[in-house]
Amino acid sequence: MDKKLRQYQIDTFATRVFEGNPAAVVPLDHWLTDATMQAIAAENNLSETAFFVLEGDAYRLRWFSPVGEIDLCGHATLASAWVLFELLGYTGSTIAFDTRSGRLVVAREGQRLVMDFPALPAEPCPAPPALLAGLKRQPVEVLAADDYFAVFESEDDIRALAPDLAELSKLDRRGVCVTAPGSSVDFVSRFFGPKWGIPEDPVTGSAHCTLAPYWAARLGKTRFIARQLSRRGGELHCELRGGRVVIAGSAVKFMEGAIAVPD
């Protein structure tokens, strides 16, 4: 007999549906097998599907892309917190999630939810051949952290990129983030993660754990409005606070329903 589970699809870093980054959220009272959670994520075929279970004073949160479990995901954390606050009756002022990247706390601040994430500064590095072949344009600077970061001169450069995803999938990092100064915001970006089943991620909260320290050093400020220039687009409000990056955004519900998995 199949087990019925509630699943929600939330558009994050968005103020209306069909914008931002969609994430699936599956609340659980106990863990499914890793294989089952991975199969659900593959079936959803979204950038991430999040699963959480209440454990003590916090929720254990895990994120799965269509092809594997990942270490840090901003938009699916935002989606999970939104589901708890808005749909599941959570009454606290903050939610603590225990994750592969440590404890992450999300607070409500007006219409936005504010996430407290670790800062992950990047270091300059030589440009790998597959990066240059994949981007098909020469960046002005290349850095590496969990992802490769390629810096370009202008927002127009970022919009014009049409990368060779097969080349980018050869790289030894999670993905590739491209960034430049923004024309109406502090900076813009796009993110490509083909080796994780994500050709282009609509909005990548975790990449801003690296983007915020980079742009803080370059612009001499610690608060930013950022925009990801994917087809769906999304706006993020970021602040560098020492070794942490605070990322705020809105979310809206697109869908809720029941999924059936083998019991």
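Scroll up a little and you will see the structure.
Residues numbered from 1 in each chain as written. Predicted model: local features only at pLDDT ≥ 70, side-chain atom pairs only at ≥ 80, totals over all residues. Heavy atoms only, no water.

Participant: Which residues make up the overall build of the protein, and what values do they have?
Facilitator: Each helix and strand counted, the protein has six helices and 18 strands in total. Whereas a compact globule of 263 residues would reach a radius of gyration of roughly 18 Å, the protein reaches 18 Å, a difference of no more than 12%. Buried residues in the protein amount to 56% of all 263 residues. When contacts within the protein are restricted to residue pairs at least 6 apart in sequence, those whose partners lie at least 24 apart make up 62%. Looking at the protein as shown, the accessible area adds up to about 11,300 Å², and 49% of this sits on carbon and sulfur atoms. Positive and negative side-chain charges of the protein, numbering 27 and 33 respectively, have mean locations separated by a distance of 3 Å. (Helix = DSSP H or I, 4+ residues; strand = E, 2+ residues; numbered from the N terminus. Rg over C-alpha atoms; globule rule 2.2 N^0.38 Å. Buried < 20%, exposed > 50% of the residue type's maximum accessible area, 1.4 Å probe, protein only. Contact = heavy atoms within 4.5 Å. Areas by Shrake-Rupley, 256 points an atom, 1.4 Å probe, with all protein chains shown as cover. Lys, Arg positive; Asp, Glu negative; His and termini not counted. Charge placed at Lys NZ, Arg CZ, Asp CG, Glu CD.)

Participant: Break down the environment of Ala-150 for me, citing the residues and quoting the values.
Facilitator: Relative to the assigned elements, Ala-150 resides in strand β11 (residues 148-151). Taking the C-alpha atoms as reference points, Ala-150 and Pro-124, 26 residues apart in sequence, are found 9.9 Å from one another. The contacts of Ala-150, once residues within four sequence positions are left out, are Leu-135, Pro-139, Glu-141, Cys-177, Val-178 and Thr-179.

Participant: Give me the side chain of His-208: which residues, what numbers.
Facilitator: Structurally, His-208 is set in helix α6 (residues 208-219). Residue class for His-208 comes out buried when judged on its relative accessible area of 0%. Apart from residues no more than four positions distant in its own chain, His-208 is found in contact with Phe-187, Ser-189, Pro-213, Ala-226, Gln-228, Leu-236, Cys-238, Val-245 and Ile-247.

Participant: An account of helix α2 (residues 74-86) is needed here, citing residue identities and associated values.
Facilitator: With 13 residues, α2 should reach 18 Å at 1.5 Å per residue; the first-to-last C-alpha distance of 18 Å fits that figure. A large share of α2 lies buried, amounting to 12 of its 13 residues. Among the residues of α2, Gly-74, His-75, Ala-76, Thr-77, Leu-78, Ala-79, Ser-80, Ala-81, Trp-82, Val-83, Leu-84 and Phe-85 are the ones counted as buried. (Expected span 1.5 Å × (residues − 1).)

Participant: Describe α6, and please don't skip the residues or the numbers.
Facilitator: Of all 12 residues in α6, nine are buried; the element is thus mostly enclosed. If you check which residues of α6 are buried, you get His-208, Cys-209, Thr-210, Leu-211, Ala-212, Pro-213, Tyr-214, Trp-215 and Ala-216. Directly after α6, the chain includes Gly-220, whose backbone phi takes a positive value near 70°.

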